[in-house]
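Observations on the model geometry
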Amino acid sequence: MNLSFNNQDGMKLGIFLLTENFHDDAHNTILNDVELGVLAEELGFDEVWFAEHHFNSFSVIPNPSLMMAYLAAKTKSIRIGTAAFLTPFYNTTRLAEEIATLDNLSSGRINAGFAKGGFALDLEYFNKNSDTLRDELYVNVKDIEQKLYKDEQFQPKPLQEKIPTFIATFATKETIIFAAHNGYGLMFSQGATLGACEEAQESYKNIAGFYPQTVLMRVFAVADTKEEAKEIALPATDHFVKSMRAVKAKGAQPKFNKANYDELLAQRYAFFDAKTFMEAAIVGSVDDCIEHILNIKGRIKNLHLTLKVASSDENITKGMLKIFNQKIKPKI
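Residues numbered from 1 in each chain as written. Predicted model: local features only at pLDDT ≥ 70, side-chain atom pairs only at ≥ 80, totals over all residues. Heavy atoms only, no water.

**Points about the confidence of the model for the protein**
In low-pLDDT regions, the fine details of the predicted coordinates are not to be read closely. What counts, and what does not: The quantity known as pLDDT measures the predictor's confidence residue by residue, on a range of 0 to 100. Contacts are residue-level and defined by heavy atoms, with any inter-residue pair within 4.5 Å sufficient.
Confidence in the prediction of the protein, expressed as mean pLDDT, is 90, and 89% of residues score 70 or more. Note on residues 1-8: pLDDT under 50 across the span, and 25 contacts to partners over four residues away in sequence or across chains. A low-confidence stretch, residues 247-258 (pLDDT under 50), is modelled with 13 contacts involving residues beyond four sequence positions or located in other chains.

**Describing the side chain of Q160**
So the rule is basically this: A run of H or I in DSSP counts as a helix once it spans at least four residues, and a run of E counts as a strand once it spans at least two, with each numbered from the N terminus. Buried, partly exposed and exposed residues are distinguished by accessible area as a fraction of the type maximum, computed with a 1.4 Å probe on protein chains only: under 20%, between the cut-offs, and over 50%, respectively. Think of a polar contact as two N or O atoms within 3.5 Å of one another; within protein, one of them needs to be a possible hydrogen donor and the other a possible acceptor, and neighboring residues in sequence only count if both atoms come from side chains.
Relative to the helices and strands, Q160 is located in the loop between α5 (133-149) and β6 (165-168). Its relative accessible area of 1% is what places Q160 among the buried residues. Engagement of the side chain of Q160 in a polar contact is seen with the backbone oxygen of I110, the distance being 2.9 Å.

**A look at helix α6 (residues 173-182)**
Since the α-helix advances by 3.6 residues per turn, residues separated by three or four positions end up pointing in the same direction. When α6 is considered as a whole, its buried residues turn out to be T175, I176, F178, A179 and A180. Next to the buried residues of α6 lie α5, β6, β7 (185-188) and α7 (194-208). Looking at the residues trailing α6, positive phi occurs at G183, about 75°.

**Describing empty space enclosed by the protein**
Note the cut-off: Definitions used for this entry: grid spacing 1 Å over protein atoms alone; cavity, a set of points where a 1.4 Å probe fits but cannot get out; pocket, an open set with protein on both sides within 12 Å along at least 5 of 7 lines; lining residue, one with an atom within 4 Å of a point. Grid points are joined across faces, edges and corners, and a volume is the space filled by probe spheres set on the points. Under the scheme applied, nonpolar residues are Ala, Val, Leu, Ile, Met, Phe, Trp, Tyr, Cys and Pro; charged residues are Asp, Glu, Lys and Arg; polar residues are all the others, including Gly.
Applying the stated criterion across every chain yields a total of 2 cavities of 30 Å³ or more. Here the second largest cavity defines a volume of roughly 80 Å³. Lining the second largest cavity are I99, A112, F114, V141, I144, E145, L148, Y149, K162, I163, T165 and Y184. Of all elements in the fold, only β5 (110-115) and α5 reach the threshold of two or more residues within the lining of the second largest cavity. Counting residues per element, the lining of the second largest cavity draws most heavily on α5, which supplies 5 residues. Its residues assigned to classes, the lining of the second largest cavity shows 9 nonpolar, 1 polar and 2 charged.

**Some remarks on the pattern of salt bridges**
Side-chain pairing between opposite charges can occur once the charged atoms of the two side chains come close. Cut-off, in case you're wondering: The working definition used for a salt bridge is a side-chain nitrogen of Lys or Arg within 4 Å of a carboxyl oxygen of Asp or Glu.
Tallied over the full model, the rule gives 11 salt bridges. Here K74 makes a salt bridge to E35, at a shortest N to O gap of 3.5 Å. With a gap of 39 residues between them, K74 in helix α2 (residues 64-74) and E35 in helix α1 (residues 26-42) connect regions that are remote in the sequence. Notably, a salt bridge pairs K147 with D143, separated by 2.6 Å at the nearest N-O pair. Residue K147 and its partner D143 are both found in helix α5; the two are separated by 4 residues, about one turn of the helix. Judged by relative accessible area, K147 falls into the buried class, the value being 13%.

This is the structure:
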């Protein structure tokens, strides 16, 4: 039975969850994100995507598999993905087993996103070298695929004939080539420009002969006016970015390779940039949001538009998702 996912018929809508611990209560933050996933299904969203972050008291989501399993038990139809497994930090056999088990638990609803990672503390705790992360990503993804579909000793097999697979990228040439040669989708962060995404899609098509499935994350906030929406979105986005950029005092953390530090910090600042997040954000009135989404939809093919709701208040977040469902979704 082929349960594999195909969105050739149109745009898919999802939400991006990072268990943002605004109120210094990790327990309730984790549970609340699962409930947001349940709400997303009730509102008719197609997908929920969980991040993976380590050694971070703000985005407390070191094990997306557990979040996915818990959400799978509470839902029936919404697809559940990772954005993304930091693949070099895993034993590939164990990760392949987790993915296959998740696919069985969810009755074939898993999307698998993979990324290379690279924060300084990650490298220290997982005993990795930043110079080899990208190559390890490529090797490990291929090894996971081999185990899932070709290794007869590997059990359980996933329910889906082919689990949708996405590779996180900054539109890096090598990563696009890798994804295109293997038929994987692409995954872009909240700050990626539409121009960069379009170029990446064209480069991919030149290699593969077709356009990739493309996950595009966007900060989202809706209010009566653009100014009000920005007032909601900017503090939450800025705090998230500052939290993800933060580097503790050297004495408070394990030693790490100073030779890699400047490069890693530069990567962190490039990836987590509040200015680019907000420039690309879907923020404003209902009409503003509709216009922005239609522009994205017209430019990015095979689009999985994934909303990262920018609010520090759970009730406001739920309210904005309901407004999206009632007033924006019917027009896009």
